[in-house]
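Here are the chains, one letter per residue:
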Amino acid sequence: QVQLVESGGGLVQTGGSLRLSCAASGRTSSNYVMAWFRRTPGYELEFVAGINRRGNSTNYGDSVKGRFAISRDNTKNTVYLQMNSLAPEDTAVYYCTASEYINYLNTKSIAYDYWGQGTQVTVSS
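Residues numbered from 1 in each chain as written. Predicted model: local features only at pLDDT ≥ 70, side-chain atom pairs only at ≥ 80, totals over all residues. Heavy atoms only, no water.

1. Considerations on the state of the cysteines
Scanning all chains against the criterion turns up one disulfide. Two residues, Cys22 and Cys96, share a disulfide whose sulfurs are 2.1 Å apart. Between Cys22 and Cys96, the S-S dihedral sits near -80°, and the bridge is therefore left-handed. Of this pair, Cys22 sits in strand E3 (residues 18-26) while Cys96 sits in strand E9 (residues 92-99), and the two are 74 residues apart along the sequence. Residue class for Cys96 comes out buried when judged on its relative accessible area of 0%. (Disulfide = S-S within 2.5 Å. Helix = DSSP H or I, 4+ residues; strand = E, 2+ residues; numbered from the N terminus. Buried < 20%, exposed > 50% of the residue type's maximum accessible area, 1.4 Å probe, protein only.)

Structure below.
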């Protein structure tokens, strides 16, 4: 099993940037495909970004392509989400997720076995 703890959320103005971190503990995080999802105020759960085990392939949801970047440092068991050009519609609770048995292109929330507690990101207009 792996435990996930997100950090780095907060309040930012439109056009600003934030970097989220997800610290993994338990089994070595390099065994897992990692991803970020977000739940909007309307309660919709949306795929944001995914990264493969080695960290050399990534996948993004259409709404964040070109603005967000996912990365990982397996030596630190940490995954990051760099968020630039933030807009009010990016306001959500962001969740770090992990799965041992899927491909990083999988965008279905049900495919991910492990979830962090979430971190709130609020973008003011």
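2. Quick look at the sheet that holds strand E8 (residues 78-83)
Across the sheet, which stays open at both edges, the four strands sit in the order E1-E3-E8-E7 with antiparallel pairing between neighbours. Two strands lie at the open edges of the sheet, namely strand E1 (2-7) and strand E7 (68-73), each paired on one side alone. When the angles between neighbouring strand axes are averaged without regard to direction, this sheet yields 20°. Note that E7 and E8 share six bridges and pair antiparallel. Residue pairing across strands places Ala69 opposite Gln82, the latter belonging to E8. (Pairing = 2+ DSSP bridges. Axes fitted to C-alpha atoms, helices over the stretch in contact; angles between N-to-C directions.)

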